[in-house]
Amino acid sequence: MVYRRTDTSMEVVDVPADAPAHCPGTASDTAGKATPCSGCPNQKICASGAAKTGPDPDIETIRSRLCGVAHKIVILSGKGGVGKSTLTANLAYALCRSDSQVSVVDTDICGPSMPRILGVQGETVHQSGSGWSPVYVDDKLNTMSISFLLPAEDDAIIFRGPRKNGMIKQFLRDVDWGEIDYMLVDTPPGTSDEHLSIVQYLGAVGCDGVVIVTTPQEVSLLDVRKEVTFCRRVGLPIIGVVENMTEFVCPNCRGVSEVFAGTTGGAVGMCESMGVPFLGSVPLDPRLGEASDFGSNLFDSNSGNHETPVTTAIYSITEKIKAFCNNK
């Protein structure tokens, strides 16, 4: 049988791909016996109990690995290209400025960008008796990405769902994370295999919540609404929504222009209608893009850019995230 996954709570239920609607799942006590099972090609094997799958034994290993991580935060976006990875990296930099130890887990398996944004592309992962060692950006910040495991930076990762899920499990199970204040999990866009794996593993060991990133346009907000629905369905707390690229700030005259018009009220309007917190807006600044391309840190006091509208906005968002985590 081929399985898909259906999430109605924090539990991830295995359902055969050819199962009828309202299938109770192969692990249910009523598998093969419930009314919807009548006529299902899998009814006999489900009724015998042969299709049942027990709890993942690696969950306890992951729990042990992450026991030193105080707060786990997942960064999501419904739409690609909204600056989620860039925001994740800069939230990490801002947290480090408050003397926090931070780890960034890059779970965008087919499009890993965190090593370049953090300035550690080309580094390799070292293994010891305690597991894989994350790559250190500095003494307060480290990261793990599939990019570190590739023979060449331009190699394509051509994985089906199970292999992507297995790699995410390895990042959580096999890396020696140590004592960390904040773990930020950067994800690919959407609500697919990678997200279900993160829900399964982090949901079982404790996830503080998610930060959802969008831009002001309705074409982005359409998918963000789906992301909000996903989080509610699987029981992930929503820390709040960040609107990225809200305005353009000229680096010379500091003039402000609206580049991406929020024709339906932007993220603020969406948050009000869906009842989720709005964490703040981040302006569009070319210096932030340049910093990501060159792997530099805008929050470094030596950068000359550590007191700009962008860094001020991210500092404000970071304080709200910290307050959420500390008040749980």
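Residues numbered from 1 in each chain as written. Predicted model: local features only at pLDDT ≥ 70, side-chain atom pairs only at ≥ 80, totals over all residues. Heavy atoms only, no water.

### Remarks on the overall build of the protein
Basically, it comes down to this: For helices the rule is a DSSP run of H or I covering at least 4 residues; for strands it is a run of E covering at least 2, with both sets numbered from the N terminus onward. With the radius of gyration taken over C-alpha atoms, the globule rule is written as 2.2 Å times the number of residues to the power 0.38. For every residue, the accessible area (1.4 Å probe, protein chains only) is compared with the maximum for its type, and the residue is labelled buried under 20%, exposed over 50%, or partly exposed between those bounds.
Secondary structure assignment for the protein yields 10 helices and 13 strands. The C-alpha radius of gyration of the protein comes to 21 Å, within 12% of the 20 Å expected for a compact globule of 328 residues. Its C-alpha atoms put the protein at 70 × 50 × 40 Å along the principal axes. Split into buried and exposed, the 328 residues of the protein put 50% on the buried side.

### Considerations on the pattern of salt bridges
Definition in use: Any Lys or Arg side-chain nitrogen found within 4 Å of a carboxyl oxygen on Asp or Glu counts as a salt bridge.
Under the defined criterion, the tally for this structure stands at 13 salt bridges. Between E218 and R225 there is a salt bridge, with the nearest N and O atoms lying 2.7 Å from each other. R225 gets classed as partly exposed once you look at its relative accessible area, which sits at 25%. Between R287 and D285 there is a salt bridge; the shortest N-O distance is 2.7 Å. Here R287 falls in the buried class, since its relative accessible area comes to 16%. Judged by relative accessible area, which is 5%, D285 ranks as buried. Bridged by salt links that share partners, the residues D58, K169, R173 and D174 form one connected network.

### Description of the packing of aromatic side chains
Here is the rule: Any pair of Phe, Tyr and Trp rings, taking the six-membered ring for Trp, is counted once the centres come within 6.5 Å. Such a pair is stacked with planes under 30 degrees apart, edge-to-face with planes over 60 apart, and tilted for the rest.
All told, the structure shown has 1 aromatic pair when counted by the stated rule. Seen from their ring centres, F299 and Y315 are 5.0 Å apart, and the 85° between their planes marks the pair as edge-to-face. In this pair, F299 is assigned in the loop between α9 (286–294) and α10 (309–326) and Y315 in helix α10, connecting sequence segments 16 residues apart. For Y315, a relative accessible area of 25% gives the class partly exposed.

### What to know about the nonpolar core
To be explicit about the condition: Joining through side-chain atoms within 4.5 Å is the link that ties buried Ala, Val, Leu, Ile, Met, Phe, Trp, Tyr and Cys residues into a set, and such a set is a nonpolar core. Any two residues whose heavy atoms approach within 4.5 Å are treated as being in contact.
Judged by nonpolar contacts, the single largest core of 84 residues is most densely connected at L66, I73, L202, I212 and I321. For this core, the element with the highest residue contribution is helix α3 (residues 84–97), accounting for 8 residues. Non-local contacts of L66, meaning those with residues more than four positions away in its chain, are made with K72, L172, W177, M183, L202 and V205.

### Quick notes on the environment of L172
The residue L172 is located in helix α5 (residues 161–173) in this model. Considering only alpha carbons, one finds L172 and L222, 50 residues apart in sequence, at a separation of 31 Å. Setting aside anything within four residues of it in sequence, one finds L172 in contact with I62, R65, L66, W177, M183, Y201 and L202.

### Topic: the confidence of the model for the protein
The cut-off we apply is this: pLDDT is defined as a per-residue confidence score from the predictor, taking values between 0 and 100.
The predicted model of the protein has a mean per-residue pLDDT of 88, with 92% of residues at 70 or higher. In the predicted structure, residues 1–12 sits below a pLDDT of 50 and forms 43 contacts with residues beyond four places in sequence or in another chain.

### Focus: the pairing of strand β8 (residues 141–144)
Worth spelling out the cut-off: By the convention used here, strands pair only if DSSP detects at least 2 bridges between them.
Neither face of β8 is exposed, since L141 and T143 on one face and N142 and M144 on the opposite face are all buried. Pairing analysis gives 4 bridges linking strand β4 (residues 102–106) to β8, with the strands arranged parallel. Considered in β8, the bridge of V102 is made with L141. The turn linking strand β7 (residues 135–138) back onto β8 is made up of 2 residues.

### Here's the deal with the side chain of H71
Take H71: it is sitting in strand β3 (residues 69–77). For H71, the residues in contact, after removing those within four places along its chain, are D181, Y182, M183, D208, C325 and N326.

### Topic: the packing of helix α7 (residues 218–234) against helix α8 (residues 266–274)
Helix-helix packing: each pair is described by the crossing angle between the helix axes and the interaxial distance. Selection rule: Orientation is described by axes fitted as lines to C-alpha atoms, over the contacting stretch for helices, and by angles from 0 to 180 degrees between their N-to-C directions. Handedness of a crossing is defined here by the sense of rotation of the near helix relative to the far one, left-handed for an anticlockwise turn of less than a right angle and right-handed for a clockwise turn. Think of it as three bins: nonpolar holds Ala, Val, Leu, Ile, Met, Phe, Trp, Tyr, Cys and Pro, charged holds Asp, Glu, Lys and Arg, and polar takes everything else, Gly as well.
At a closest axis distance of 11 Å, the pairing of α7 and α8 adopts a crossing angle of 35°. For the element pair α7 and α8, the recorded crossing hand is right-handed. Residue-level inspection shows L221, V224, R225, V228, T229 and R232 of α7 in contact with α8, the latter providing G266, A267, M270 and M274. Broken down by class, the residue content of the contact of α7 with α8 amounts to 6 nonpolar, 2 polar and 2 charged.

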